[in-house]
Amino acid sequence: MTLASIPVGLWLTAIAVRDARTRRITNALLWPGLIAVAAIGTTSAGVVVAGVVAATPYLIAWLLRQCGGGDVKLALVVGGLTADWATGMLVVLLAALLSAIAALVARSSSLPHGPALVGASALLLAVTH
């Protein structure tokens, strides 16, 4: 765990809480991560590839009106944080599993996806880094 893990964890928690409460992830919350992924991506292709791999399923879902644009951008950021395309894809799969479990428990087919995406990211980043 690095010193940067604490503010990144707090930032991701703020995003998850915001989405859980309002069902929206504001661009203002996402810009720091998008800028960081873009900046680091200039020297690390793995960051960009992981971000795109994680964001692609969400982009397709957004085009089908099954998720919001904030989910697409958040997936790009958390995928980039993993810096590994396989881990980025695992984040997507684990988030889908967590969302399905939450929907079963809540008996609802419409829950915000940000908390599951953040939870999956935190779990996989803790295991892989």
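The shown structure was predicted, so the numbers you read here are calculated from the model rather than taken from an experiment.

Reading the values: the criteria
Residues numbered from 1 in each chain as written. Predicted model: local features only at pLDDT ≥ 70, side-chain atom pairs only at ≥ 80, totals over all residues. Heavy atoms only, no water. Axes fitted to C-alpha atoms, helices over the stretch in contact; angles between N-to-C directions. Helix = DSSP H or I, 4+ residues; strand = E, 2+ residues; numbered from the N terminus. Parallel < 35°, antiparallel > 145°, perpendicular 65-115°, else oblique. Left-handed = near helix turned anticlockwise from the far one by under 90°. Contact = heavy atoms within 4.5 Å. Nonpolar A, V, L, I, M, F, W, Y, C, P; charged D, E, K, R; others polar. Buried < 20%, exposed > 50% of the residue type's maximum accessible area, 1.4 Å probe, protein only. Core = buried A, V, L, I, M, F, W, Y, C linked by side-chain atoms within 4.5 Å. Expected span 1.5 Å × (residues − 1).

Caption draft 1: Layout of the packing of helix H3 (residues 45–63) against helix H5 (residues 85–106). At a closest axis distance of 7 Å, the pairing of H3 and H5 adopts a crossing angle of 30°. In terms of orientation, H3 and H5 fall into the roughly parallel class. Where H3 crosses over H5, the two elements pack in a sense that is right-handed. Contacts from Val 49, Ala 50, Val 53, Ala 54, Pro 57 and Tyr 58 in H3 reach Trp 85, Gly 88, Met 89, Val 92 and Ala 95 in H5. Class assignment for the residues of the contact of H3 with H5 results in 10 nonpolar, one polar and no charged.

Caption draft 2: The arrangement of the environment of Ala 14 in detail. Assignment of secondary structure puts Ala 14 in helix H1 (residues 5–22). Taking relative accessible area as the criterion, Ala 14 reaches 34% and is therefore assigned partly exposed. On a C-alpha basis, the gap between Ala 14 and Pro 115 in space is 9.7 Å, while along the polypeptide they are 101 residues apart.

Caption draft 3: Summary view of the nonpolar core. One finds Tyr 58, Leu 74 and Leu 117 to be the most contacted residues of the largest nonpolar core, which totals 26 residues. Apart from residues lying up to four places away in sequence, Tyr 58 is in contact with Cys 67, Asp 71, Val 72, Ala 75, Val 92, Ala 95, His 113 and Leu 117.

Caption draft 4: Representation of helix H4 (residues 69–82) in the model. Compared with an ideal rise of 1.5 Å per residue, which puts 14 residues at 20 Å, H4 spans 20 Å between its outermost C-alpha atoms and is within 8% of the ideal. For H4, the tally of buried residues reaches 10 of 14 residues, placing the bulk of the element in the interior. All of the buried residues along H4 are Gly 70, Asp 71, Val 72, Leu 74, Ala 75, Val 77, Val 78, Gly 79, Gly 80 and Thr 82. Contacts made by the buried residues of H4 are with H1, helix H2 (27–41), H3, H5 and helix H6 (114–128). Ala 83 occupies a position one or two residues after H4 and carries a positive phi of about 60°.

Caption draft 5: Representation of the side chain of Thr 82. Among the structural elements, Thr 82 can be located in helix H4. For Thr 82, a relative accessible area of 2% gives the class buried. When sequence neighbours within four positions are dropped, the list of residues in contact with Thr 82 reads Ala 50, Thr 87, Gly 88, Val 91, Leu 125 and His 129.

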